[in-house]
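The lines below spell out each chain.
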Amino acid sequence: MKVVALIKQTPDTAELPKVSVDEARSGQIQTTMVINPWDEFAAEEAIQLADRLGATSVAISMGRPDQTDALKHALAMGIQSAVLVDEAVAAEGDEWTAAEALAQAIRLQGDDVQIVLAGKMSVDGNSGLIHVGVACKLGWSLLVNVTRIAEVADGRITVERSFEGGQEVVQVPLPVVISVAKEINEPRYPSFMGIRKANRAQIPVLGKDEIPISPAPPRARWENLRKPEQRTVQVKIIQGATPQEKAAGLVDALLAEKVI
Amino acid sequence: MSVLVWIEQIDNEPVPSCWEVLGKARELAHQMGTQAAALVAGQDVDAIAQEALGYGADTVYVADSPVLARFRLQPYVETVHQALDAAQATLFLTNATVHGGTLAAMVACRRNAGIAAQAVDLHLEDGRPVATRAIYSGNMLADIHFESDLAVASIRPRSFPMPEPGPAKGTVVPLEIPLAEEQVEEKILEVKPAEKGEISLTEARIIVSGGRGVAADPAKGFQLIGELADVLGAAVGASRAAVDAGYIEYKHQVGQTGKTVKPDLYIACGISGAIQHLAGMGQSKVIVAINKDPEAPIFERAHYGVVEDLFVMVPALTEEFRKRLGKG
Ligand SMILES: Cc1cc2nc3c(=O)[nH]c(=O)nc-3n(C[C@H](O)[C@H](O)[C@H](O)COP(=O)(O)OP(=O)(O)OC[C@H]3O[C@@H](n4cnc5c(N)ncnc54)[C@H](O)[C@@H]3O)c2cc1C
Ligand SMILES: Nc1ncnc2c1ncn2[C@@H]1O[C@H](COP(=O)(O)O)[C@@H](O)[C@H]1O
């Protein structure tokens, strides 16, 4: 059996405010790029599951051919192999084109892929769509916000998932696409040996020949990319001789704001 | 033609943010000269259907079956397909909760439709819907124009005002239930509901949050924060530092790797205001910071600040609110 982790390379969260509109439009982001924080949980779970099930783990990322740092991070954590999908295969497309490209890349890993793990959302795209699209294109089961994988047996998988109304234990048939929640594990730090191995790894790049996508017009257009208006707030520090005086001043202000 | 809104129910309670979305759908439908329709799926959901009429739906499609009692993607997607066809919808809206976001995405992908996920605003241009999305964790905005006949969007809770309910007018239309239980591949084996009365962070009008500032006595700190929240009918939030230190459960975390919230009032107690925390709460209408360090970065984003030890300030504030709000 194979377990796939879907990994996106995204800007370091501390540098997200620095990304300019031009960079976002062209995709030529200048900030430090790292593995999408949510995808570390997917990578960790793929490593643990592969151990548990005697399966192999594969990380797949779509991006520019030189964007291999996130995949190397996954390899350094202990993922066994990695594949990069050149984002040019889905150029001019939308999220569903990206999902189709990743679905094809998953199929190319063979029929023994039974579990695909993804993060909850990317910190740049913020959509939480791609894993849904991948499940849709593959026609597989989909489970989102999974906090524990309890059992994989007899062609079925049992997991615990969480949503606003609580938690549920659910079972679906394999193969399955799963998005993982933060509670599922503690992603490990890459070991020194792992980093050395990852740095030597050759990461194959899949392009238009391997992943042919018939050009379809995008179903949605993104326009008017812009920075949100900077909210210039001048903080009003509530003064007072005692905490009680400060409390009274703050409550006055909040009642006047009509937010209570 | 119509704008169709999915009304989420959890344990037969409608999720309030759906009414916000329905209110907006009604406004758009009015401008487009079409109808606002709602879809209520579940078991014994007549009361929710009536509520949807009260919130302004012209037609409510009801799919009532044990198969739909709890959210499962496959039968829910089939139900939405039926409703979309029955309503001849050109715009399908959900709230961007775990279920709503997933349902909108799967329906859009299956119908080969354009989607705006986690949208924060909607308007019309030349009579067609345009959705605004926040990307790069709130650091950029984009407008999504749809090229497909059906447009789909999931809307973040608290993006639109809560409409006032009125008398229930309009019609209820029952839908055929598309699947029998044997045909549903997903089986729910066990349910652990959230605590009764727990206010969901993303739906909350007021949030009181605690950070590493409670470190001197974390249990006491979050007890005080909880008491303030109780007086205000608020939800309790937390920074990642507080969650990582084990002071409070992860489901309370606000920020980049926690929840994105947009309350009318956010009270940050002992939180420094790191970028990743601001990513989750920076859109709050009024932000209050209680911090003993006057240089804390949170004061650059807060509307009101109190430089004080939270262990004395939070109870003083609770006391003052009790007095003023007439709660003893
Ligand atoms: C990839 C990534 C994702 C992240 N995601 C998140 C996220 O989702 N949410 C999040 O919050 N953070 C997140 N962080 C962490 C973030 O960078 C900060 O480390 C974190 O927000 C700090 O939490 P804090 O403000 O509680 O703690 P600190 O920064 O330690 O601040 C504590 C504050 O409390 C004040 N204080 C101390 N004692 C008292 C007292 N007695 N009374 C009043 N004030 C007091 C101090 O002056 C200080 O300002 C993320 C980081 C990374 C790298
Ligand atoms: N370019 C990509 N390459 C690989 N995986 C991706 C890519 N984009 C998104 N994903 C996966 O899909 C999840 C949701 O992403 P998004 O829909 O962008 O929020 C991420 O957490 C990843 O696991």
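Higher on the page you've got the structure.
Here is a short report on the structure shown in this document. Quick caveat, the model's predicted, so the values are computed rather than measured. (Residues numbered from 1 in each chain as written. Chains lettered and ligands numbered in written order. Predicted model: local features only at pLDDT ≥ 70, side-chain atom pairs only at ≥ 80, totals over all residues. Heavy atoms only, no water.)

### Focus: the site of ligand 2
All names here are of chain A. Definition in use: For each residue, the test is whether any non-hydrogen atom lies within 4 Å of the molecule or strand; if one does, the residue is near. Whenever a nitrogen or oxygen atom comes within 3.5 Å of another N or O atom, the pair is scored as a polar contact, on the condition that within protein one atom can donate a hydrogen and the other can accept it, and that pairs from neighbouring residues in sequence are kept only if both atoms are in side chains. Surface exposure here means Shrake-Rupley accessible area, sampled with a 1.4 Å probe, where a residue is shielded only by the protein chains that are shown. A helix here means a DSSP run of H or I that spans at least four residues, while a strand means a run of E at least two residues long, and both kinds are numbered starting from the N terminus.
Lining the immediate surroundings of ligand 2 are 19 residues, of which Asp39, Ser122, Ser127, Gly128 and Leu129 lie closest. Contact between ligand 2 and Ser127: an oxygen atom at 2.8 Å from a side-chain N or O atom of the residue. Across the complex, the protein chains shield 96% of the 480 Å² of accessible surface that ligand 2 would expose by itself. Sorting the residues of the shell around ligand 2 by element identifies strand E4 (56-63) and helix H5 (130-138) as the ones contributing at least two each.

### Some thoughts on helix H4 (residues 98-110) of chain B
All names here are of chain B. Operational definition: To estimate the expected span of a helix, count its residues, drop one, and scale the result by 1.5 Å. Throughout this description, buried means an accessible area under 20% of the type-specific maximum (1.4 Å probe, protein chains only), exposed means over 50%, and partly exposed covers the range between.
For H4, built from 13 residues, the straight-helix expectation of 18 Å at 1.5 Å per residue is met to within 8% by its first-to-last C-alpha distance of 18 Å. Where burial is concerned, most of H4 is hidden: 11 out of the 13 residues are buried. Within H4 the residues assigned to the buried category are His99, Gly100, Gly101, Thr102, Leu103, Ala104, Ala105, Met106, Val107, Ala108 and Cys109. Asn112 sits one or two residues past H4 and shows a positive phi near 55°.

### With respect to the sheet that holds strand E1 (residues 2-7) of chain B
Note the threshold: Two strands pair if DSSP finds at least two bridges between them. Inter-axis angles, ranging from 0 to 180 degrees, are taken between N-to-C directions of lines fitted to C-alpha atoms, where helices are fitted over the stretch in contact. Any pair of residues with heavy atoms lying within 4.5 Å of one another is described as a contacting pair.
With mixed pairing, 10 strands are arranged side by side in an open sheet as E12(A)-E9(B)-E8(B)-E7(B)-E10(B)-E6(B)-E1(B)-E4(B)-E5(B)-E11(B). Here the strands that pair on one side only, and so sit at the sheet edges, are strand E12 (220-226) of chain A together with strand E11 (171-174) of chain B. The mean inter-strand angle of the sheet, taken between neighbouring strand axes irrespective of direction, is 35°. As defined by bridge partners, strand E6 (residues 89-95) of chain B adjoins strand E10 (residues 151-155) of chain B across five bridges and the pair is classed as parallel. Paired with Thr94 of chain B across the bridge in E10 of chain B is Ser154 of chain B. Lying over the sheet, H4 of chain B contacts E1, E6, strand E7 (114-125) and E10 of chain B, oriented at roughly 155° with respect to E6 of chain B.

### So, the interface of chain A and chain B
Applicable threshold: We define buried area as the total accessible area lost by two parts upon association, computed with a 1.4 Å probe and summed across both. We define a salt bridge as a contact between a side-chain nitrogen of Lys or Arg and a carboxyl oxygen of Asp or Glu at a distance within 4 Å. Each residue gets one of three labels, nonpolar for Ala, Val, Leu, Ile, Met, Phe, Trp, Tyr, Cys and Pro, charged for Asp, Glu, Lys and Arg, and polar for the others, Gly among them.
With 80 residues of chain A in contact, the opposing surface of chain B contributes 86 residues. In total, about 7300 Å² of surface goes out of reach between chain A and chain B, with carbon and sulfur atoms giving 61% of it. The largest share of the area that chain A buries against chain B comes from Glu164, Arg219 and Arg231 of chain A, three residues that together contribute 9% of it. Where chain A meets chain B, there are eight salt bridges. Taken together, the links from chain A to chain B amount to 37 residue pairs in polar contact (both at pLDDT 80 or more). Looking at the side of chain A that touches chain B element by element, the count peaks at 12 residues for helix H7 (residues 243-257) of chain A. For the side of chain A that touches chain B, the residue count by class is 44 nonpolar, 16 polar and 20 charged.

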